[in-house]
Amino acid sequence: MGIRGELFTTQVTLTNRSYFFNVKENRAGDVFLQIVESKKTDGEGDRRAIVVFEEDMRNFLNGMDESLSFIEKERKERAKQNKQKKTERAAKASKGESSGDDTKKVYRRKGESRLVAEKRAEREDDGIKRTGKIIHVKSKRSGAKPEVTTTTEY
């Protein structure tokens, strides 16, 4: 028996955390599995452990197997749905159909009423991105200093 009753230990290291699977034996002779998760957050180590006793190990592993098979099944179904959606989008694109609504989404600014937002959206799209402040630079001649006019638009 090793230090602290350890019979076997293995470690799985991931990017931001490590898992330790320790098979231990207590003073009464009971064998158990201790699973420890260790992760570093802001320079501090955070450690959590669960213990599964030998007589409960089969039920624990059955639950783990069921969970893993569900995750695998769900992942395959999602991949299948994503592939189907991708082929549908490609078929629409080849037919010349748009992939979504042709209507323009209207986003309201903080404190802006719905009517003002709709009016702003109705403006003709002239290629100018209006961010609230527009700077116009006008040059009279090539040798003269440019005249700068700043306007604020709401």
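Now for a quick tour of the structure. Computed from a prediction, not measured in an experiment: that's the story for all the values here.

### Points about the packing of aromatic side chains
According to the stated counting rule, one finds 1 aromatic pair in the structure shown. Taken together, a centroid distance of 5.6 Å and an interplanar angle of 55 degrees make the contact between Phe-32 and Phe-53 tilted. Taken together, the positions of Phe-32 in strand E3 (residues 31-41) and Phe-53 in strand E4 (residues 44-53) put the pair 21 residues apart, joining distant regions of the chain.

### Section: the environment of Glu-25
By secondary structure assignment, the location of Glu-25 is in strand E2 (residues 17-25). The spacing of Glu-25 and Phe-8 is 17 residues in sequence and 10.0 Å in space, taken between C-alpha atoms.

### Examining the pattern of salt bridges
Counted according to the given criterion, the structure contains 3 salt bridges. Linking Arg-17 and Glu-37 is a salt bridge whose minimum nitrogen-to-oxygen distance equals 2.4 Å. Taken together, the residues Arg-17 in strand E2 and Glu-37 in strand E3 connect sequence positions 20 residues apart. Residue Arg-17 is classed as partly exposed on the basis of its relative accessible area, which comes to 23%. Judged by its relative accessible area of 19%, Glu-37 falls in the buried class. Close ionic contact of Arg-48 with Asp-46 constitutes a salt bridge, the shortest N to O distance being 3.6 Å. Taking the relative accessible area as the measure of exposure, Arg-48 reaches 53% and is therefore exposed. Accessibility expressed as a relative area gives 22% for Asp-46, which makes it partly exposed.

### Re the pairing of E4
Where E3 lies against E4, 10 bridges are found, and the strand directions are antiparallel. In the sheet register, Lys-40 faces E4, and the bridge partner there is Gly-45. The loop that links E3 with its antiparallel partner E4 comprises 2 residues; one of these, Asp-42, has a positive phi angle of about 55 degrees.

### Section: the environment of Arg-120
Here Arg-120 shows up in helix H2 (residues 114-122). Between the C-alpha atom of Arg-120 and that of Arg-108, which follows or precedes it by 12 residues, the distance is 9.5 Å. Excluding residues within four positions of it along the chain, Arg-120 makes contact with Tyr-107, Arg-108, Arg-109 and Glu-112.

Parameters at a glance
- Residues numbered from 1 in each chain as written.
- Predicted model: local features only at pLDDT ≥ 70, side-chain atom pairs only at ≥ 80, totals over all residues.
- Heavy atoms only, no water.
- Phe/Tyr/Trp six-rings, centres within 6.5 Å; stacked < 30°, edge-to-face > 60°.
- Helix = DSSP H or I, 4+ residues; strand = E, 2+ residues; numbered from the N terminus.
- Salt bridge = Lys/Arg side-chain N within 4 Å of Asp/Glu carboxyl O.
- Buried < 20%, exposed > 50% of the residue type's maximum accessible area, 1.4 Å probe, protein only.
- Pairing = 2+ DSSP bridges.
- Contact = heavy atoms within 4.5 Å.

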